[in-house]
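# A structural walkthrough
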Amino acid sequence: MDFGFSEEQEMLRATARKFLENECASAFVRARMEEPAGTTDDFWAKLAEQGWLGLVYPEEFGGSGLGFVDLTVLMEEMGRAVMPGPFFSTVLLGGLTLLEAGSAAQKKEWLPKIASGAAKATLAWTEPNARWDAAGVTTTAREDKGGFVLSGTKLFVPDAHLADALVVVARTAETKTPEQGVSLFLVPKGARGLDVKLLPTMDQTRKLCEVGLKDVAVPAAALVGAKGGAWPALARVVERATVALCGEMCGGAQKVLEMTTEYAKIRVAFGKPIGTYQGVKHKAADMLVDVENAKSLTYYAAWAMDENAPEAPLAASMAKAYASDAYRKLAGTGIQLHGGIGFTWEHDLHLYFKRAKSSEFTFGDATYHRERVAQLINL
Amino acid sequence: MDFSLTPEQDAFRQTVRAWLKANLPREWKDLGRSDIPRIETYEILKQWQRKLYDAGFIGLTWPKEYGGRGLTFMEELILQEEIALAKAPPILNVLGVGMAGPTIFAYGTEAQKKRYPPKILSCEEIWCQGYSEPNAGSDLASLQTRAVKDGEYWIINGQKVWTSFAQIADWMMLLARTDPNLPRHKGITYFLLDMKLPGITVKPLRHMTGDADFNEVFFDNVRVHASQVLGGVNQGWQVGITTLMYERLTLGFGLHMRLRIALDSLLELARRMEKSGRVLTHDPLVRQKLAQSWIDTECLRLTGARGITRLLRGEMPGPEASAGKMVWVETHQKLQELAMELEGPYAQLAKGSDWAVDGGAWQHAFLRSRANSIEGGTTEIQKNIIAERVLGLPKD
């Protein structure tokens, strides 16, 4: 047994940290969050150059062929930097879905483009009903003239306004079990009837869209995976993306802990650094416990994904349940221990606080995942 | 990252599993609490530990020449996992195995290392820990039990308190002040104290469960030979701290596994108890709480695995390890509270009532769990340690 990172993984961490400290400092994050693009062409090209846009894709598709444990390291560093932009949506939602469910031709067409930075993608899955289960998929795909016609509204779709390709989750059949009849379709940017609206978000580093599909016609070749049988692949993609998100949350939480302890060492009140007081010390210790626990569960889930371990779905839900609570609590405590300065726009803490909140509700919150854990342990 | 076992480790697991299946004491009716040994079970537990020892399933990581097996923490982990799966009894000489032995290896003379560890493992000699005093608990360095040199001997006077197992112990890990003129951390010495020496009085203290398994220990001119010093005169603070470090590390394994046993029993309880006419596992709030308990328990296992990995790699334990005891306590106390919640009004009934759930075992475990956040370093002290040593916050 070896439950730790390898030397190569530690090197990746060091490289990513240095890169992001230089290229994705607070000023960059703040500038990007004010703009719809969320990133710059230059920054995106550099991510591609580092090999990170294709980190988990096979080499035959222009990727590096690394696993989710490697990815976790990178995600932690991205979370630490509250990195804005369509990395997650492109690499871990749109791209990963194509990798998981796409035909050879679809993979060959899109994955190298994603890995090289030439294309962006996303997954249009959730709807106004805000459900994470198969029953939440009500957008319809009707067969017509050898192709399909998609109709419905997608909500909370990350970076749809930037995506060259949207993988749309739609229902091709009404069946007794909602998992059956779910299909995936590749819809290119600018398709007729496709209406993408960028929504104002509390976490401005994450861009979310409403995606209207008004009789969007696509050819049969746009089908990703088997007709009506896409749910298992989609579930796998979402589980993996969930674990990657947990990695990002751990990185953000770790950074909040560091910012807070550093501040507690220098901020003087009543003649002493506030970190001298137990009221501060004990909260800081709780923060450390929360972040370390979240890491343990996340690393395990990443390993389980790489190994296709039978407990992988359970591991992913345990990690997300824990990380959702932990990051939220940590970010809140971080602000509290900073006092007034922590509540200002100028200080970076609110970026983490807001990211914690948006992450909490992405792919299901702690309550959702605890119920999933209950089911998976046969309660 | 790799959670797989080598073929040798896997074979070891099979051997342990088969042995446990064949050798579990029949009289041990485990109802699945994370049990700390109770007085009425001492005799069974003593025989059980002896059996484990004869089979070579205790002291796995201890050096061979001192009665151990010279194996790695990995085998220890496998053993503990199997013990949990089999719901086997805990070991009686837990302080000897978890604390005294490792500390003697770290600081003992060759003679001490030969003399004590094997009998710790075989349970021929039971150990207790003489640290806390009426006026020195969390602030351990203020301890006042005195040791005054008299020729080849030290004369001990003073009092210890909350001393578990003192009533059956053969030996005590004793911290006493040997030089009151030195700064308080520096004038302390660690003694290996024979509990049969004249002048030692053990008075059982009854605690809130009604059991009397911890004690007051009084020293009245107890003469201890100088050869019983461990780690040098006035070096006791360092030695004592090492003991606590081992306590947190090695007891941690076992404690987690007992938590696992308790959790399994808790899920079992939820499946058969009803509330407002429906089985508890159908209650969404109960499901949330049980799932959280599961997650927290798994989390302890995994955080432990990260710590073990560091040890196996020859590194120092990282920040994740320092919180182990405190997190275990929190998880365990929450679990016991949840057990009471699941029982509902039945939570009021204790051992002796035919109506008591599982013979009242949960009630005892629930009450006993209150001590967890006090014994072995209070949660508040643990948090200070984490804040100061791991996060580098300033000392007061």
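Residues numbered from 1 in each chain as written. Chains lettered and ligands numbered in written order. Predicted model: local features only at pLDDT ≥ 70, side-chain atom pairs only at ≥ 80, totals over all residues.

Here the focus is the overall build of chain A. Secondary structure assignment for chain A yields 11 helices and 10 strands. Here the C-alpha atoms of chain A give a radius of gyration of 21 Å, agreeing with the 21 Å that 2.2 N^0.38 yields for 379 residues. In terms of its C-alpha atoms, chain A occupies a principal-axis envelope of roughly 80 × 50 × 40 Å. Counting over 379 residues, chain A shows a buried share of 57%. Considering only contacts in chain A between residues 6 or more positions apart, those separated by 24 or more positions represent 75%. (Helix = DSSP H or I, 4+ residues; strand = E, 2+ residues; numbered from the N terminus. Rg over C-alpha atoms; globule rule 2.2 N^0.38 Å. Buried ≥ 20, exposed ≤ 12 C-beta atoms within 10 Å, placed from the backbone. Contact = placed C-beta atoms within 7 Å.)

Turning our attention to the pairing of strand β5 (residues 182-188) of chain A. Residues and elements named next belong to chain A. Of all seven residues in β5, six are buried; the element is thus mostly enclosed. Where strand β4 (residues 165-171) meets β5, seven bridges bridge the pair, whose relative direction is antiparallel. Its bridge partner lying in β5, Arg-171 is registered against Val-182. The pairing of β5 with strand β8 (residues 223-224) spans two bridges and is classified as antiparallel. (Pairing = 2+ DSSP bridges.)

On the chain B side, the residues contacting the 35 residues of chain A number 38 residues. Elements supplying a minimum of two residues to the side of chain A that touches chain B: α7 (231-266), α8 (278-307), α9 (312-338) and α11 (366-376) of chain A. Top element by residues in the side of chain A that touches chain B is α8 of chain A. It accounts for 14 residues. Looking at side-chain class alone, the side of chain A that touches chain B contains 20 nonpolar, nine polar and six charged residues. (Nonpolar A, V, L, I, M, F, W, Y, C, P; charged D, E, K, R; others polar.)

This brings us to the nonpolar core. Residues and elements named next belong to chain A. One finds Val-167, Phe-185 and Ala-301 to be the most contacted residues of the largest nonpolar core, which totals 235 residues. With 17 residues, α7 is the single largest residue contributor to this core. Once residues lying within four places of it in the same chain are set aside, the contact partners of Phe-185 are Ala-141, Phe-148, Leu-150, Val-168, Ala-170, Val-218, Ala-222, Leu-223 and Val-224. (Core = buried A, V, L, I, M, F, W, Y, C linked by C-beta atoms within 7 Å.)

Let us now look at the domain arrangement of chain B. Residues and elements named next belong to chain B. What the domain assignment lists for chain B is domain 1 (7-121), domain 2 (127-234) and domain 3 (239-390). Listed by partner, the interface residues are nine residues for domain 2 and nine residues for domain 3. When grouped by side-chain class, the residues that make up the side of domain 2 that touches domain 3 number six nonpolar, three polar and no charged. (Domains from an automatic or database assignment.)

Our next topic: the environment of Gly-359 of chain B. By the secondary structure assignment, Gly-359 of chain B is in the loop between α10 (324-343) and α11 (361-369). Along the chain, Gly-359 of chain B and Leu-349 of chain B lie 10 residues apart, while their C-alpha atoms are 9.0 Å from each other.

With that out of the way, let us pick up the packing of helix α4 (residues 68-80) of chain A against α8 of chain A. All names here are of chain A. Between α4 and α8, whose axes approach to 8 Å, the crossing angle comes to 145°. Touching Phe-68, Val-69 and Thr-72 of α4 are Thr-298, Tyr-299, Ala-302, Trp-303, Met-305 and Asp-306, all from α8. Of the residues assigned to the contact of α4 with α8, the class counts are six nonpolar, two polar and one charged. (Axes fitted to C-alpha atoms, helices over the stretch in contact; angles between N-to-C directions.)

This prediction gives chain B a mean pLDDT of 91; 96% of its residues lie at or above 70. With pTM at 0.95, the complex prediction returns an ipTM value of 0.96. (pLDDT = per-residue confidence, 0-100.)

A separate point is unusual backbone geometry. At Asp-215 of chain A, a residue that is not glycine, the phi angle is positive and equals roughly 50°. By the element assignment, Asp-215 of chain A lies in strand β7 (residues 208-218). Exposure remark for Asp-215 of chain A: the 11 C-beta atoms within 10 Å place this residue in the exposed category. Residue Asn-234 of chain B is not a glycine yet carries a positive backbone phi of 65°.

This part is about the environment of Ala-323 of chain A. Residue and element names in this part refer to chain A. Structurally, the position occupied by Ala-323 is in helix α9. Among the residues examined, Ala-323 registers 33 C-beta atoms within 10 Å and is labelled buried. For the pair Ala-323 and Val-243, spaced 80 residues apart in sequence, the C-alpha to C-alpha distance is 9.9 Å.

Residues and elements named next belong to chain A. Those residues of helix α3 (residues 41-50) that fall on the buried side of the exposure criterion are Phe-43, Trp-44 and Leu-47. One side of α3 carries all its buried residues, which in axial view fall inside an arc of 100°. Exposed side of α3, more than 90 degrees from the buried face: Asp-41, Asp-42 and Glu-49 are the residues found there. Directly beyond the C-terminal end of α3, a positive phi value near 85° is found at Gly-51. (Arc of directions from axis to C-beta.)

What follows is about the domain arrangement of chain A. Residue and element names in this part refer to chain A. Under the domain assignment, chain A is made up of domain 1 (7-120), domain 2 (122-228) and domain 3 (232-376). Relative placement of domain 1 and domain 3: their C-alpha centres are 21 Å apart. Contact residues are listed per partner, giving 20 residues for domain 1 and 26 residues for domain 3. Only α2 (26-33), α4 and α5 (87-101) provide two or more residues apiece to the side of domain 1 that touches domain 3. Per-element accounting of the side of domain 1 that touches domain 3 gives the leading share, 10 residues, to α4. Residues belonging to the side of domain 1 that touches domain 3 are distributed by class as follows: 11 nonpolar, five polar and four charged.

Before going further, it helps to examine the packing of helix α1 (residues 7-23) of chain A against α4 of chain A. Packed helices, taken two at a time, are described by the angle between their axes plus the distance between the axes. Residue and element names in this part refer to chain A. With their axes 9 Å apart at the nearest point, α1 and α4 run at an angle of 25° to one another. The pairing of α1 with α4 is recorded here as roughly parallel in orientation. The two elements α1 and α4 meet at a crossing, and its hand is right-handed. Along its contact with α1, which presents Gln-9, Leu-12, Arg-13, Ala-16, Arg-17 and Leu-20, the element α4 presents Val-69, Asp-70, Val-73, Leu-74, Glu-77 and Met-78. When its residues are assigned to classes, the contact of α1 with α4 shows seven nonpolar, one polar and four charged. (Parallel < 35°, antiparallel > 145°, perpendicular 65-115°, else oblique. Left-handed = near helix turned anticlockwise from the far one by under 90°.)

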